[in-house]
Amino acid sequence: MTRTAVVAGVGPGLGESIARRFVAEGCRVALLARTASYVEGLAADLGEAALAVPTDLTDPDAVDDAFATVRREFGPVDVLVNHASGGSWKGVRDVSLAEFEHAWQVGARAGLQCSQAALDDMVGDDEEAATGGTIIFTGATSSVRGRGGAAAFSSAKFAVRGLAESMAREFGPAGVHVAHVVIDGGIRPPGRDVSNPEEYLDPDAIADSYWHLVEQDESAWTLELDLRPHVEAF
Ligand SMILES: NC(=O)c1ccc[n+]([C@@H]2O[C@H](COP(=O)([O-])OP(=O)(O)OC[C@H]3O[C@@H](n4cnc5c(N)ncnc54)[C@H](OP(=O)(O)O)[C@@H]3O)[C@@H](O)[C@H]2O)c1
């Protein structure tokens, strides 16, 4: 089955691994990020199955336009990955209100708006006739354990987790699998060597798990998946 997938917030790390894996599995994949040159280069590399849609996810009109473009070029959305995050690494006394709000706009608000657009396709107006789909949210350690000195990032990540859980309960009966992935560690950075690679999560290995979430049987859906490198203590 050919699915249309949207990765909202693609960069050279995990976002690219997810996009490559989904294309390898036969999906048509729309690549959303602000940096046009990057998404256009990746789309050119991936071929006809990929579509570059330069988008600032904090701009509601741009998000509407992006989903209209995806539908026009690739048809209704079957899979959405809400992947982008934002947030200054500042503590409570230093973070500005604008920085705090921006983290929330990128994570929770854009996650809500992209999901609303995808749900229009997955559920439509008639739940009985819903085709269903998959919505995956990318989380972090800070989604479940607030990080000191990262007030905006941590609170926005908690908000995303709450949104995902609420959405899973609301739309499971309509056949929409909503999952939240806690990435509990650093993702191996693209394009540079690290002295201790075993301490990082391999982005291609994470992407394997994302694809598994898409393929899961509806009798045994994951709501939350947490992933970490084997050397980390549990
Ligand atoms: N890296 C880690 O070690 C790590 C660890 C745990 C969890 N995570 C989570 O993993 C996700 C990111 O994965 P990654 O770090 O490997 O990054 P990535 O997939 O390489 O890149 C994510 C991309 O999101 C895009 N983005 C950010 N703000 C955006 C906006 N307003 N509109 C549109 N696109 C936007 C950025 O591209 P543009 O600048 O071009 O817009 C960025 O390159 C995040 O949810 C993060 O919290 C990361």
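Okay, so let's go over this structure. Within every chain, residues take consecutive numbers counted from 1 along the sequence as written. Since the coordinates come from a predicted model, pLDDT governs what is reported: local features require at least 70, and pairs of side-chain atoms require 80 or more to be given and counted, while whole-chain, interface and lining totals use all residues. Water and hydrogen atoms were dropped before computing side-chain values, which therefore reflect all heavy atoms in the structure.

Another aspect to go through is the site of the ligand. The full set close to the ligand counts 27 residues, and G13, G15, R34, T35 and H83 are the nearest of them. As used in this structure description, the phrase polar contact means that two N or O atoms lie within 3.5 Å; if the pair is within protein, one of them must be able to donate a hydrogen and the other to accept it, and residues adjacent in sequence are counted only when both atoms belong to side chains. Note that an oxygen atom of the ligand is positioned 3.2 Å from one of the backbone N or O atoms of G11. The contact in question runs from an oxygen atom of the ligand to an N or O atom on the backbone of L14, over 2.8 Å. Tallying contributions element by element places strand β5 (residues 133–140) first for the shell around the ligand, with three residues. Each residue belonging to the shell around the ligand can be placed in one class, and the counts come to eleven nonpolar, 13 polar and three charged. The near set for a molecule or strand comprises every residue that places at least one heavy atom within 4 Å of it. Going along the chain from the N terminus, every DSSP run of H or I of four or more residues is numbered as a helix, and every run of E of two or more is numbered as a strand. Side-chain classes are defined by residue name, with Ala, Val, Leu, Ile, Met, Phe, Trp, Tyr, Cys and Pro counting as nonpolar, Asp, Glu, Lys and Arg as charged, and the others, Gly among them, as polar.

This part is about helix α2 (residues 36–46). For α2, the set of buried residues is V39, L42, A43 and L46. Around the axis of α2, the buried residues are gathered within 100 degrees of arc, so they sit on the same side. Residues S37, A44 and D45 are exposed on α2 and point more than 90 degrees away from its buried face. Against α1 (14–24), β2 (28–33) and β3 (50–54) lie the buried residues of α2. Just downstream of α2 lies G47, where phi reads positive at about 90 degrees. For the exposure calls, accessible area comes from a 1.4 Å probe over protein chains only, and a residue counts as buried if that area is under 20% of its type's maximum, exposed if over 50%, partly exposed in between. Each C-beta atom gives one direction from the helix axis, and the arc is the one those directions make. Any pair of residues with heavy atoms lying within 4.5 Å of one another is described as a contacting pair.

Our focus in this paragraph is the packing of aromatic side chains. Centres within 6.5 Å make a pair out of two Phe, Tyr or Trp rings, where for Trp the six-membered ring is used; the pair is then stacked when the planes are under 30 degrees apart, edge-to-face when over 60, and tilted otherwise. Applying the stated criterion to the full structure yields two aromatic pairs. Between the aromatic rings of F22 and W211, the centroid separation amounts to 5.4 Å while the plane-to-plane angle is 65 degrees, which identifies the pairing as edge-to-face. Taken together, the positions of F22 in helix α1 and W211 in helix α6 (residues 203–215) put the pair 189 residues apart, joining distant regions of the chain. Classification of F22 by relative accessible area gives buried; the value is 0%. Relative accessible area serves as the criterion here: at 6%, W211 is assigned to the buried category. With 4.7 Å between their ring centres and 50 degrees between their planes, W89 and F153 make a pair best called tilted. On the criterion of sequence distance, the pair formed by W89 in the loop between β4 (79–82) and α4 (97–122) and F153 in helix α5 (residues 151–171) is long-range, its members being 64 residues apart.

Between N-to-C directions, angles span 0 to 180 degrees; the directions come from axes that are lines fitted to C-alpha atoms, helices contributing only their stretch in contact. Where α4 meets α5, the closest approach of the two axes is 7 Å, and the angle between their N-to-C directions is 20 degrees. By the angle between their directions, the pair α4 and α5 is classed as roughly parallel. The crossing of α4 and α5 is right-handed. For the pair formed by α4 and α5, the contact residues are E99, F100, A103, W104, G107, A108, G111, L112, S115 and L119 on the first element and A151, A152, F153, S155, A156, A159, V160, L163, M167 and F171 on the second. Each residue belonging to the contact of α4 with α5 can be placed in one class, and the counts come to 15 nonpolar, four polar and one charged. For classification purposes, an angle smaller than 35 degrees is called roughly parallel, one larger than 145 roughly antiparallel, one from 65 to 115 roughly perpendicular, and anything else oblique. Crossing handedness: left-handed means the near helix sits turned counterclockwise from the far one by under a right angle, and right-handed means the same turn made clockwise.

With that settled, the discussion passes to the side chain of T58. Positionally, T58 belongs in the loop between β3 and α3 (60–74). Looking at T58, its side chain comes within polar contact range of the side chain of D56, at 2.8 Å. Those residues in contact with T58, other than ones at most four positions away along the chain, are H102, Q105, V106 and R109.

On to the pattern of salt bridges, then. Basic side-chain nitrogens of Lys or Arg form a salt bridge, by our definition, when they fall within 4 Å of a carboxyl oxygen of Asp or Glu. Evaluated as defined, the whole model comprises 13 salt bridges. A salt bridge links R20 to D45, with the nearest nitrogen and oxygen atoms 2.7 Å apart. Note that R20 is positioned in helix α1 and D45 in helix α2, a separation of 25 residues in sequence. Two residues, E224 and R161, come together in a salt bridge whose shortest N-O distance is 2.7 Å. Highlighted residues: E224 in strand β7 (residues 224–227) and R161 in helix α5, separated in sequence by 63 residues. Given the relative accessible area of 35%, E224 is considered partly exposed.

Remark: α1 packs on α2, axes separated minimally by 11 Å, with the N-to-C direction vectors making an angle of 25 degrees. One finds that α1 runs roughly parallel with respect to α2. Note that α1 runs across α2; the crossing there is right-handed. Where α1 abuts α2, its residues E16, A19, R20 and V23 lie against Y38, L42, D45 and L46. Here the contact of α1 with α2 is built from residues that sort into five nonpolar, no polar and three charged.

No statement about biological role is implied by the geometric values presented.
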